Amino acid sequence: QVQLQESGPGLVKPSQTLTLTCTVSGGSITTNNYYWGWIRQPPGKGLEWMTAIAFSGVDYYSPSLKSRTSISRDTSKNQFTLQLRSVTPEDTAVYFCARVDGSMYYGMDYWGKGTLVTVSS
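Read on for a plain summary of the structure. (Residues numbered from 1 in each chain as written. Predicted model: local features only at pLDDT ≥ 70, side-chain atom pairs only at ≥ 80, totals over all residues. Heavy atoms only, no water.)

1. Some remarks on the state of the cysteines
Here's step 1: For the coordinates displayed, the defined rule picks out one disulfide.
Here's step 2: Disulfide pairing is shown between Cys22 and Cys97; the S-S distance is 2.2 Å. Disulfide Cys22-Cys97: the torsion about the S-S bond is 65°, which places it as right-handed. One end of the pair, Cys22, is in strand β3 (residues 18-25); the other, Cys97, is in strand β9 (residues 93-101), and 75 residues separate them in sequence. Of the two residues, Cys22 and Cys97, neither departs from the other in class, the shared state being buried. (Disulfide = S-S within 2.5 Å. Helix = DSSP H or I, 4+ residues; strand = E, 2+ residues; numbered from the N terminus. Buried < 20%, exposed > 50% of the residue type's maximum accessible area, 1.4 Å probe, protein only.)

Have a look at this one:
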C-alpha cells in the first residue's frame, strides 16, 4: 500500500524559500510509469497542480509557477522535494504530494494528507 507524507515548515516569511519534502512508503519513486507531484489548494479555492518528477528523473512545471519552482528527488531515501522561491501571502495553501499514474490519464491515485503552509511576516 503506497503512502505519502508531507513534511516541512508551517510558517514561512515573505520573500523566503519554501521547502517541502514528501516521503513515500510502500512503493519506489523509480517505478516505471509513475510520476510524483505537488498540488496545492489556497483557502477557499480549487486545486492547483504545481510540478512533478517522473520515474526517470525528468521534471515538469506549471507555466505559472515555473520561474519560482524546483523539484528534486533522493532515490536512496525514497523522497522528493519541492522548492518554491520568493513566496508571498498568495502562496498560503494546503500543499499535497501525490502519485500520478502515467498509464491512466495521469490521474492522481495516491495522496498525502496535506500540510498547511502560511506565508506571513
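2. As for the pattern of salt bridges
Here's step 1: With the rule as written, the count across this model stands at four salt bridges.
Here's step 2: The partner of Glu48 in a salt bridge is Arg40, with the nearest N and O atoms 2.8 Å apart.
Here's step 3: Residue classification places Glu48 among the partly exposed residues on the basis of a relative accessible area of 23%.
Here's step 4: Look at Arg40 and you get buried, because its relative accessible area is 6%.
Here's step 5: With a shortest N-O distance of 2.8 Å, Asp91 and Arg40 are connected by a salt bridge. (Salt bridge = Lys/Arg side-chain N within 4 Å of Asp/Glu carboxyl O.)

3. With respect to the nonpolar core
Here's step 1: Membership of the largest hydrophobic core comes to 24 residues, with the highest contact counts inside it found for Leu4, Leu18, Val24, Trp36, Trp38, Phe80 and Tyr95.
Here's step 2: At the level of secondary structure, the elements contributing two or more residues to this core comprise β3, β4 (34-41), β5 (48-54), β8 (79-84), β9 and β11 (115-119).
Here's step 3: Among the elements that line this core, the one with the most residues is β3, at four residues.
Here's step 4: Other than its neighbours up to four places away in sequence, Tyr95 contacts Glu6, Leu18, Leu20, Ile39, Arg40, Met50, Leu82, Leu84, Gly114, Thr115 and Val117. (Core = buried A, V, L, I, M, F, W, Y, C linked by side-chain atoms within 4.5 Å. Contact = heavy atoms within 4.5 Å.)

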